[in-house]
Amino acid sequence: MLATARLGLGDLDQACTLGSEAAQQAADMRSVRAHEYVQDFERRLDPYRDATPVRDYRDRTAALM
């Protein structure tokens, strides 16, 4: 949720950093809600898909979920 908030504030770098950390933690959990938060965050990144922080985020988290 914090990553989504940072994205809403326009801080793409920090949002992707926090999102990556959340995705790594969610990958180790069985929480459906945690996975839904990560998926929601990833959908919100779609308009920025060509930005370097988003590409890096997706590279780091591709194998996690």
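Residues numbered from 1 in each chain as written. Predicted model: local features only at pLDDT ≥ 70, side-chain atom pairs only at ≥ 80, totals over all residues. Heavy atoms only, no water.

> Can you walk me through the overall build of the protein in this structure?
Of the regular secondary structure elements, the protein holds four helices and zero strands. For the protein, the α and β elements follow one another from N to C terminus as α-α-α-α. Its C-alpha atoms give the protein principal-axis dimensions of roughly 30 × 20 × 15 Å. Within the span of the protein, comprising 65 residues, buried residues form 29% of the whole. Long-range contacts, defined here as pairs at least 24 residues apart, represent 57% of the contacts in the protein between residues at least 6 apart. Accessible surface computed for the protein: about 4,400 Å², of which carbon and sulfur atoms make up 47%. (Helix = DSSP H or I, 4+ residues; strand = E, 2+ residues; numbered from the N terminus. Buried < 20%, exposed > 50% of the residue type's maximum accessible area, 1.4 Å probe, protein only. Contact = heavy atoms within 4.5 Å. Areas by Shrake-Rupley, 256 points an atom, 1.4 Å probe, with all protein chains shown as cover.)

> Where do I start with the pattern of salt bridges in this structure?
Two side chains bearing opposite charge may form a pair once their charged atoms approach each other closely. On inspection of all chains with the given rule, the structure shows four salt bridges. Measuring nitrogen to oxygen at the nearest pair gives 2.8 Å for the salt bridge that ties D11 to R6. The exposure class assigned to R6 is partly exposed, which follows from its relative accessible area of 28%. Through salt bridges with shared partners, one network takes in D40, R43 and R44. (Salt bridge = Lys/Arg side-chain N within 4 Å of Asp/Glu carboxyl O.)

> For this particular structure, what's the right way to read the side chain of S20?
Residue placement: S20 occurs in helix α2 (residues 12-27). Those residues in contact with S20 that lie beyond four places of it in its chain are Y57, R60 and T61.

Keep in mind that these numbers describe shape and distance, not what the molecule does.
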